[in-house]
Amino acid sequence: MGYFTKFGDFQFDVLREIGNIGAGHAATALSKLMQKEIDMKVPQVSIIPFDQVADCVGGAETVVVTVFLRVEGDSPGNMFFILDMDSAKHLLHQITGIEKDVYEWEELEVSALHEIGNILTGSYLSSLADFTQLNLQPSVPALAVDMAGAILSYGLIELGQAGDVALTIDTAFFEGNEKVKGNFFLIPDPESLPILFRALGVPFDGN
């Protein structure tokens with residue numbers, strides 16, 4: 001895990017700028033979808049070991065709403081956008097004006113969450129591709145509601161081999177004074193790490 005120490009201020013500045021650009025694109029797309037003014041907070045960006053991903057969303061047994069997809073192209077990997085249940089319910093209330101328990105969600109509500117996750121993952125992936133000049137193409141996203149540990153395990157089984165680090169972008173967006181928080185994770189395949197890190201200006205020797 002020695003490559004963690006190779007990330008300096010410049011690399012994190014690049015990652016933050018990627019997050020900012022992605023957040024800006026996402027805010028514009030969400031504003032059109034929701035027909036409301038949506039503001040995105042400047043995201044917090046970090047690189048963490050994969051086994052800490054579930055801890056970032058409250059632990060492996062925390063029930064979450066997740067949109068996940070496979071990234072193909074120059075630097076393959078897996079991508080997850082995770083909302084806690086309160087944020088997901090609040091977001092649906094903002095869109096539909098109706099407050100429902102998760103067990104009462106109908107196809108319309110699930111479709112809306114799916115589309116929002118699709119917008120956010122697409123926005124961040126395209127900004128990463130633009131910055132690194134890598135060809136990164138998303139698969140069709142899937143949506144699941146389950147414990148975070150189960151979703152991550154199932155998603156990685158479905159999507160393919162997992163890497164051991166995750167690029168994380170903590171996302172928060174606002175409609176008026178109302179805040180919704182989510183977490184975006186990009187988990188590169190092991191063979192993708194040299195490609196992605198070098199594109200970000202990080203020396204990589206596999207240690």
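Residues numbered from 1 in each chain as written. Predicted model: local features only at pLDDT ≥ 70, side-chain atom pairs only at ≥ 80, totals over all residues. Heavy atoms only, no water.

A. View of the UniProt feature "domain: CheC-like protein" (unreviewed entry) in the chain. Look at the UniProt record and you will see "domain: CheC-like protein" (unreviewed entry) annotated at residues 13–47 and 111–143. Helix makes up 67% of residues 111–143 and strand 15%. Its end C-alpha atoms lie 9 Å apart. (UniProt positions renumbered as here; feature names shortened; annotations may be inferred. Helix = DSSP H or I, 4+ residues; strand = E, 2+ residues; numbered from the N terminus.)

B. Highlighting helix α4 (residues 107–132). The end-to-end C-alpha distance of α4, which contains 26 residues, comes to 37 Å, matching closely the 38 Å that a straight helix rising 1.5 Å per residue would cover. Backbone geometry just downstream of α4 places Gln133 in the positive-phi region, at approximately 60°. (Expected span 1.5 Å × (residues − 1).)

C. The arrangement of the pattern of salt bridges in detail. Enumeration over the complete set of coordinates arrives at two salt bridges. Between Glu72 and Arg70 there is a salt bridge whose closest N-O contact spans 3.6 Å. Among the residues examined, Glu72 registers a relative accessible area of 40% and is labelled partly exposed. What makes Arg70 buried here is its relative accessible area of 11%. The salt bridge partner of Asp189 is Arg70, with a shortest N-O separation of 2.5 Å. Taken together, the residues Asp189 in the loop between β8 (178–188) and α6 (193–199) and Arg70 in strand β3 (residues 63–73) connect sequence positions 119 residues apart. What makes Asp189 buried here is its relative accessible area of 3%. Connected through salt bridges with shared partners, the residues Arg70, Glu72 and Asp189 form a single ionic network. (Salt bridge = Lys/Arg side-chain N within 4 Å of Asp/Glu carboxyl O. Buried < 20%, exposed > 50% of the residue type's maximum accessible area, 1.4 Å probe, protein only.)

D. Layout of the environment of Arg70. Taking the C-alpha atoms as reference points, Arg70 and Leu136, separated by 66 residues in sequence, lie 9.9 Å from one another. Here the side chain of Arg70 touches Gly77 through a polar contact of 3.2 Å, landing on its backbone oxygen. (Polar contact = N/O pair within 3.5 Å; in protein donor to acceptor, adjacent residues only side chain to side chain.)

E. Quick look at the packing of aromatic side chains. Using the criterion set out here, one finds two aromatic pairs in the structure. Measuring from centroid to centroid gives 4.9 Å for Tyr124 and Phe184, while their planes differ by 50°, and the two rings are tilted. Remark: Phe184 occurs in strand β8 and Tyr124 occurs in helix α4; sequence separation between them is 60 residues. Each member of the pair, Tyr124 as well as Phe184, is classed as buried. (Phe/Tyr/Trp six-rings, centres within 6.5 Å; stacked < 30°, edge-to-face > 60°.)

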